[in-house]
Protein chains: 6
Amino acid sequence: MTDTARYDRGLAKLIEIYGDKGTNFIASLQDIAPDLGRYVVEFAFGDIHSRPGLDLRSREIATVAALTALGTAGPQLRAHIHAALNVGCTQQEVIEIVMQMAIYAGFPAALNGIQAAREVFSERSEKVE
Amino acid sequence: MTDTARYDRGLAKLIEIYGDKGTNFIASLQDIAPDLGRYVVEFAFGDIHSRPGLDLRSREIATVAALTALGTAGPQLRAHIHAALNVGCTQQEVIEIVMQMAIYAGFPAALNGIQAAREVFSERSEKVE
Amino acid sequence: MTDTARYDRGLAKLIEIYGDKGTNFIASLQDIAPDLGRYVVEFAFGDIHSRPGLDLRSREIATVAALTALGTAGPQLRAHIHAALNVGCTQQEVIEIVMQMAIYAGFPAALNGIQAAREVFSERSEKVE
Amino acid sequence: MTDTARYDRGLAKLIEIYGDKGTNFIASLQDIAPDLGRYVVEFAFGDIHSRPGLDLRSREIATVAALTALGTAGPQLRAHIHAALNVGCTQQEVIEIVMQMAIYAGFPAALNGIQAAREVFSERSEKVE
Amino acid sequence: MTDTARYDRGLAKLIEIYGDKGTNFIASLQDIAPDLGRYVVEFAFGDIHSRPGLDLRSREIATVAALTALGTAGPQLRAHIHAALNVGCTQQEVIEIVMQMAIYAGFPAALNGIQAAREVFSERSEKVE
Amino acid sequence: MTDTARYDRGLAKLIEIYGDKGTNFIASLQDIAPDLGRYVVEFAFGDIHSRPGLDLRSREIATVAALTALGTAGPQLRAHIHAALNVGCTQQEVIEIVMQMAIYAGFPAALNGIQAAREVFSERSEKVE
């Protein structure tokens, strides 16, 4: 596989999950760190998220859980709550995943994750989505 | 619901997921912090893992992802890899979840998660499971 | 003990420590994750903070220290600085706890903790406390 | 104050809290990073732990809580559980501090902290304490 | 060496690296935690950054990398990106350090580090640097 | 560039930095997660560490600093202390980097990093290096 094919596969996956939000995000890195945007497309989406061994919904459950637990990645957590909803999770399932992190990473992590979910849900409802 | 009913519900869920390993773990806390063991049963299993809004397999995917990403909970990560396999994940799915954490928490987190998976897989194969 | 008794005990403890701020916080979760608010009342305040083995002042010293060290829980750190002052710590003692974290979690953690303390002290002085 | 006076004050505080364990620890750094040992004595014990604004027992409660929550400092957590017991905390109080971290940093952090406490309590009982 | 000599050495080093930004930062702590400001000057700059065994450029590479990876120290990361540029790193080198953290701490850490770099670069260009 | 070319470039860089240790590490992943080993070669070494914008010595300084600060990646920290020494850092420089992390991530992180350095230095001296 050439780099171009890998990039194209990653970009298609990114758009499948995020739509315009995904391409806008990559574009936002062009002026300062375009190669980091390219690695996101090639490695994160072209390599990992394109792998056949686990469905996209399960992958987003894993990511929302991990980012809630880490507590250091606010913009990325919000992006992946969008992604989870885009690939088939319900809002209630997102809340369940985030609440469950109270066990494994403490209540502050879960409470801050709920705040992120609130912002995403609100943004989506404003779009009459 | 009384405390007893809640404890019993949690214990049943713990045994459903872990079998004897679960009750042995709670027993191991009796001499030093029995109430912490009780809270694990009541809150983690009686409250959270007994909730209807998300299936057990998704809950274990979330937990394996979070503990791999945090990187500070070796014994608990191994326990939840067992749990994920017990509730229907395949070994390959566990590997996929752990590998995916390279994106969100870095390669060291993923590599140490793979080592945990190796130990669990090996322990289970020795039991001709 | 029934769930209701446990909730009531937790709510009384929450109000003892936080006053109106506590009940407002629980109310703020009603529209999105009311059960998480319930678990905060039942588990965090009804189970743990109601335990007899350690005085409330020591419990808040422990919490302010931990949240300063973790560095991922800004809103919760500010809430517990309020709580520490409410249960008998002086402002100077809060500063001492936060400064000490420079040893165990680094100067950035301590400096960000001081900023949280500054905001809390300022908010309280505006109320002619 | 000269560097020597500061070092001596720190060393006296270290010995007050840890006894021989403290001086042995500093000695163990002589062959590889003696200056780091010196900074521990001068800054951690000569500057911070010698400050008048907070009692030693409260300082150790703060440290045990923070190190349990961080989950990355096993040897240091065990050392500070010893220290907490040396300056007046009971074993039950140590258990309470560690258990409380389940709220703020998750159950794995608390469970691993209990294991650290178990090792320290066991070591001390073998010395016919 | 007396405390005064150590403070003066630290202050000179702080000014060498940060200029006015450094002294303003220390001044900002005077009303709430002046001793923490003093420890920053004495320990961080007077002790560590004044050591001869590693050049200032390498020290700032280490600090930018660590703060990007930790992801909990936004103001300090921005300050040290300034510092790295002040002691001889190019903007491209800063980007390289931050991007490399994607391997060791995950893409969210690197992406948030790039955002910090963007803010610092922008602030400096407004000053007709 | 094809995947094969990228893999080969990464493998050459891995061997340049680590020698046999590098290829042995990749081989150790073959039975459980061979693709993770391939991503380490392709992304970490073929993409990032092969970039021209920063010298290898600076890259290893950044990595040793970050892994010491994170405190969750023992095996990887030891591997990168080897790498830092392989690409031109002296043992004293490694000690300086690790000690400096006391400022940014706390003394426990630095002390545990020193212990990692001790193990690496000892292993290398046994080989009459």
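Residues numbered from 1 in each chain as written. Chains lettered and ligands numbered in written order. Predicted model: local features only at pLDDT ≥ 70, side-chain atom pairs only at ≥ 80, totals over all residues. Heavy atoms only, no water.

A. Structural context of the relation of the copies chain A and chain E. The operation relating chain A to chain E is a screw motion whose rotation component is 120°, with 0.0 Å of axial translation and a residual RMSD of 0.0 Å. Expressed as a symmetry operation, the mapping of one chain copy onto the other fits a three-fold axis. In terms of C-alpha distance to the rotation axis, chain A has Thr72(A) as its closest residue, with the C-alpha 3.6 Å off the axis. Little of the interface of chain A is mirrored in chain E, where only 6% of its interface residues again form contacts. (Least-squares fit on C-alpha atoms with pLDDT ≥ 70 in both. Contact = heavy atoms within 4.5 Å.)

B. Representation of the interface of chain A and chain E within the structure. Between chain A and chain E, the contact holds 16 residues from the first and 14 residues from the second. Buried area between chain A and chain E, both sides added, is near 1,200 Å², and the carbon and sulfur share of it is 76%. Considering only the surface of chain A that becomes buried against chain E, Ile32(A), Leu36(A) and Thr72(A) emerge as the three largest contributors, covering 47% of it. Across the pair Asp31(A) and Arg118(E) runs a salt bridge, and its minimum N-O distance is 2.9 Å. Where chain A touches chain E, the interface holds 3 residue pairs in polar contact (both at pLDDT 80 or more). Looking at the side of chain A that touches chain E element by element, the count peaks at 5 residues for helix α3 (residues 34-48) of chain A. Looking at the side of chain A that touches chain E residue by residue, the class counts come to 11 nonpolar, 3 polar and 2 charged. (Buried area = accessible area lost by both parts, 1.4 Å probe. Salt bridge = Lys/Arg side-chain N within 4 Å of Asp/Glu carboxyl O. Polar contact = N/O pair within 3.5 Å; in protein donor to acceptor, adjacent residues only side chain to side chain. Helix = DSSP H or I, 4+ residues; strand = E, 2+ residues; numbered from the N terminus. Nonpolar A, V, L, I, M, F, W, Y, C, P; charged D, E, K, R; others polar.)

C. Fine view of the relation of the copies chain A and chain B. For the pair chain A and chain B, the relating rotation is 180°, the translation along its axis is 0.0 Å, and the fit reaches an RMSD of 0.0 Å. Put plainly, the chains are arranged around a two-fold axis. Within chain A, Ala66(A) has its C-alpha nearest the rotation axis, a separation of 2.1 Å. A shared interface surface links the copies, since 100% of the contact residues of chain A are contact residues in chain B too.

D. The state of the cysteines, seen in detail. Under the defined criterion, the tally for this structure stands at 0 disulfides over all chains. Cys89(C) takes part in no disulfide bond, and the closest cysteine sulfur to it belongs to Cys89(D), at a distance of 14 Å. In this structure Cys89(D) comes out as buried when scored by relative accessible area, which is 6%. (Disulfide = S-S within 2.5 Å. Buried < 20%, exposed > 50% of the residue type's maximum accessible area, 1.4 Å probe, protein only.)

E. Quick peek at the side chain of Arg124(A). All names here are of chain A. By secondary structure assignment, the location of Arg-124 is in helix α7 (residues 107-126). Exposure remark for Arg-124: the relative accessible area of 11% places this residue in the buried category. Side chain to side chain, Arg-124 and His-82 meet in a polar contact 2.8 Å long.

F. Seen up close, the interface of chain A and chain B. Contact residues are listed per partner, giving 31 residues for chain A and 31 residues for chain B. Sorting the residues of chain A by area buried against chain B places Glu96(A), Gln100(A) and Tyr104(A) first, and these three jointly supply 22% of that buried surface. For the pair chain A and chain B, the interface holds 4 salt bridges. The tally of links between chain A and chain B comes to 12 residue pairs in polar contact (both at pLDDT 80 or more). Only α3, α4 (56-70) and α6 (91-105) of chain A provide two or more residues apiece to the side of chain A that touches chain B. Sort the elements by how many residues they give to the side of chain A that touches chain B and α4(A) lands first, with 11 residues. Of the residues belonging to the side of chain A that touches chain B, the class tally is 18 nonpolar, 7 polar and 6 charged.

G. Quick look at the pattern of salt bridges. As enumerated under the stated definition, the model contains 78 salt bridges over all chains in all. Notably, a salt bridge pairs Lys21(F) with Glu123(F), separated by 3.0 Å at the nearest N-O pair. Linking Lys21(F) in helix α2 (residues 20-28) with Glu123(F) in helix α7 (residues 107-126), this pair joins segments that are 102 residues apart in sequence. Judged by its relative accessible area of 30%, Glu123(F) falls in the partly exposed class. Between Asp35(F) and Arg38(F) there is a salt bridge, with the nearest N and O atoms lying 3.8 Å from each other. Note that Asp35(F) and Arg38(F) are positioned in helix α3 (residues 34-48) at a spacing of 3 residues, about one turn of the helix. Residue classification places Arg38(F) among the partly exposed residues on the basis of a relative accessible area of 28%. Via salt bridges that share partners, Arg6(A), Arg9(A), Asp35(A), Arg38(A), Glu42(A), Asp47(A), Glu96(E), Arg51(F) and Arg59(F) belong to a single interconnected network.

H. How the structure looks around helix α3 (residues 34-48) of chain C. All names here are of chain C. With 15 residues, α3 extends 20 Å from end C-alpha to end C-alpha; this agrees with the ideal 21 Å at 1.5 Å per step. For α3, a buried count of 12 out of 15 residues is recorded, marking the element as mostly surrounded by other parts of the structure. Regarding α3, the residues found buried are Leu-36, Gly-37, Tyr-39, Val-40, Val-41, Glu-42, Phe-43, Ala-44, Phe-45, Gly-46, Asp-47 and Ile-48. (Expected span 1.5 Å × (residues − 1).)

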